[in-house]
Amino acid sequence: MPLDRKREQGPLKHVFGPVSSKRLGQSLGVDLLPMKSCTWNCVYCQIGRTKHYVTERCEFYPPEEILKDIRDALQAGTHIDWITFVGSGETLLYKGIGYLIEEVKKMTAIPVAVITNGSLFHFSEVRSELLLADAVLPSLNAGSEELYERIDRPAPGFTFKQHLDGLIQFRREYKGKLWVEVMLLNGLNDSDEALNELAAAMKQVAPDMVHLVLPTRPAPEQQVVLPDNERIDRAVAILSTTAPVLHPAKGNMDLSNATDLLEAVTAIVFRHPVQETELMAAMLAVFYGNKEQTERTMQELFGSGRFSTIEQAGEAYWIMRS
């Protein structure tokens, strides 16, 4: 597993993983955007602050280039449960995602998921581009304009009503799996009042499932703190009145099929911080529990100069060196 490929070949690829998660199993990520292109500036965003809002849809990269990366990943023979369109920002800013989904479904029977903040669903053309996806995972973090502004911090002109109405309309048109994500944040949306407001909004959307997620990775704002277990259980109880709730649980990173460990780790860290202990566990699996080889490889990876570390809640995370 060579560690000597050029740096620019890793982060600029459109495909990364597969990454293991409770929600999507072995998920092959497809990144459609330049860093960071978003309609929101969420307090919890794992890829950092939005320095300049992007609100106009664009074909950021040639679709043929993206499809080639996907085709190459499929031909590698790695086990993949889902092909997941994501973005270094808001996924649906990529104009033409509908075409990409259609072409991927011609290549393979592997289901396609799209992770989005849902902020563009008030546009009919956006909703129509997602109708062939097998699962769509939009965000709904608040049940009021006030909390929407505090948590999601949208671009000027984006409102909570617009966001909620877009989700409701999409649900009416979309026949696939609608799994709404809620980022639960201590002191922001984990009170009974906030959760009841959120449940009222969620009932109008009528998702197939609610995915409760936690800010386990470093966030750009100091006020982002993990809720305690009592608040998590309370959120599950209240939101379960609207749809089944998937309790937050961390998946395991799987690097066992990586042909180039440096590029595989770079592609993941480029898109979000990675807990060092999680990376170590994945490496141990690659080397069948050989601690000496694992530690040596970790040192080689870090010695590439691509990464640095930060600490959150006593845990070290690998990030890209600036």
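How each quantity is defined
Residues numbered from 1 in each chain as written. Predicted model: local features only at pLDDT ≥ 70, side-chain atom pairs only at ≥ 80, totals over all residues. Heavy atoms only, no water. Helix = DSSP H or I, 4+ residues; strand = E, 2+ residues; numbered from the N terminus. Contact = heavy atoms within 4.5 Å. Salt bridge = Lys/Arg side-chain N within 4 Å of Asp/Glu carboxyl O. Buried < 20%, exposed > 50% of the residue type's maximum accessible area, 1.4 Å probe, protein only. Pairing = 2+ DSSP bridges. Core = buried A, V, L, I, M, F, W, Y, C linked by side-chain atoms within 4.5 Å. Right-handed = clockwise from strand over helix to strand, strands pointing away. Axes fitted to C-alpha atoms, helices over the stretch in contact; angles between N-to-C directions. Parallel < 35°, antiparallel > 145°, perpendicular 65-115°, else oblique. Left-handed = near helix turned anticlockwise from the far one by under 90°. Nonpolar A, V, L, I, M, F, W, Y, C, P; charged D, E, K, R; others polar. Expected span 1.5 Å × (residues − 1).

(A) Quick peek at the environment of Ser308. Following the sequence through the fold, Ser308 ends up in strand 10 (residues 307–312). In the structure, Ser308 is positioned 220 residues away from Ser88 in sequence and 20 Å away in space, judged by C-alpha atoms. Setting aside chain neighbours within four positions, we find Ser308 in contact with Phe302, Tyr317, Trp318, Ile319, Met320 and Arg321.

(B) Inspection of the pattern of salt bridges at higher detail. Going through the model one piece at a time under the given rule, you end up with 13 salt bridges. Note that Lys68 is salt-bridged to Asp72, the shortest N-O span being 2.8 Å. In this pair, Lys68 and Asp72 are both assigned in helix 1 (residues 63–75), 4 residues apart and thus about one turn of the helix distant. A relative accessible area of 47% places Lys68 in the partly exposed class. Between Glu292 and Arg296 there is a salt bridge; the shortest N-O distance is 3.9 Å. Highlighted residues: Glu292 and Arg296, both in helix 10 (residues 291–302), separated by 4 residues, approximately one helical turn. Glu292 gets classed as exposed once you look at its relative accessible area, which sits at 60%. Ionic contacts of the salt-bridge type, sharing partners, join the residues Asp192, Glu230, Arg231 and Arg234 into one network.

(C) How the structure looks around the sheet that holds strand 2 (residues 25–31). With mixed pairing, 8 strands are arranged side by side in an open sheet as 1-2-3-4-5-6-7-8. Taken across any chain shown, the strands that pair with only one partner, and hence form the sheet edges, are strand 1 (15–21) and strand 8 (245–246). Two strands pair when backbone bridges link them, and strand 4 (residues 112–115) and strand 5 (residues 135–137) are joined in this way by 3 bridges, in the parallel orientation. When the bridges of strand 5 are listed, Ile115 appears paired with Leu137.

(D) Representation of the nonpolar core. Among the nonpolar cores identified, the biggest contains 73 residues, and Leu32, Ile70, Phe85, Ile97, Leu130, Leu140 and Leu212 are the most heavily contacted of them. Tallying contributions element by element places helix 6 (residues 192–205) first for this core, with 7 residues. Setting aside residues no more than four positions away along its own chain, Leu140 makes contact with Phe160, His163, Leu167, Val180, Glu181, Val182, Leu198, Ala201, Met202 and Val205. Val265, Val269, Phe307 and Trp318 belong to the second-largest nonpolar core, a separate cluster that totals 19 residues.

(E) Structural context of the pairing of strand 3 (residues 82–86). Taking burial as the measure, the 5 residues of strand 3 include 5 buried ones, the bulk of the element. Across the two faces of strand 3 the burial is the same, with Trp82, Thr84 and Val86 and Ile83 and Phe85 all buried. As paired strands, strand 2 and strand 3 are joined by 5 bridges and run parallel to one another. Residue pairing across strands places Asp31 opposite Val86, the latter belonging to strand 3. Handedness of the crossover is the feature at issue here: the chain leaves strand 2, passes through helix 1, returns alongside strand 3, and the resulting connection is right-handed. Across 3 bridges, strand 3 lies against strand 4 in parallel orientation. Paired with Ile83 across the strands is Val112, a residue of strand 4. Regarding the hand of the β-α-β motif, the stretch spanning strand 3, helix 2 (residues 97–107) and strand 4 is right-handed.

(F) Summary view of the packing of helix 1 against helix 2. The interhelical angle for the contact between helix 1 and helix 2, taken along N-to-C directions, is 30°, at an axis separation of 11 Å. In terms of orientation, helix 1 and helix 2 fall into the roughly parallel class. Classified by chirality, the crossing of helix 2 by helix 1 is right-handed. Every residue of helix 2 that contacts helix 1 at Pro63, Ile66, Leu67, Ile70, Arg71 and Leu74 is listed here: Tyr99, Leu100, Glu103, Val104 and Met107. Partitioned by chemical class, the residues of the contact of helix 1 with helix 2 number 9 nonpolar, no polar and 2 charged.

(G) Examining helix 2 more closely. Taken residue by residue, helix 2 has Ile97, Gly98, Leu100, Ile101, Glu103 and Val104 as its buried positions. Where helix 2 is buried, its residues meet helix 1, strand 3, strand 4 and helix 3 (124–129).

(H) Local environment of the side chain of Ser27. Tracing the sequence through the fold places Ser27 in strand 2. Classification of Ser27 as buried rests on a relative accessible area of 10%. Excluding residues that lie within four positions of it along the chain, Ser27 makes contacts with Phe16, Pro18, Val19, Trp82 and Thr84.

(I) Layout of helix 6. Compared with the 20 Å implied by 1.5 Å per residue over 14 residues, the 20 Å span of helix 6 between its first and last C-alpha is a close match. Among all positions of helix 6, only Ala194, Leu195, Leu198, Ala199, Ala201, Met202 and Val205 are buried. Considering only its buried residues, helix 6 is in contact with helix 4 (145–151), helix 5 (160–173), strand 6 (177–183), strand 7 (209–213) and helix 7 (229–239). Just past helix 6, the residue Ala206 takes up positive phi, approximately 60°.

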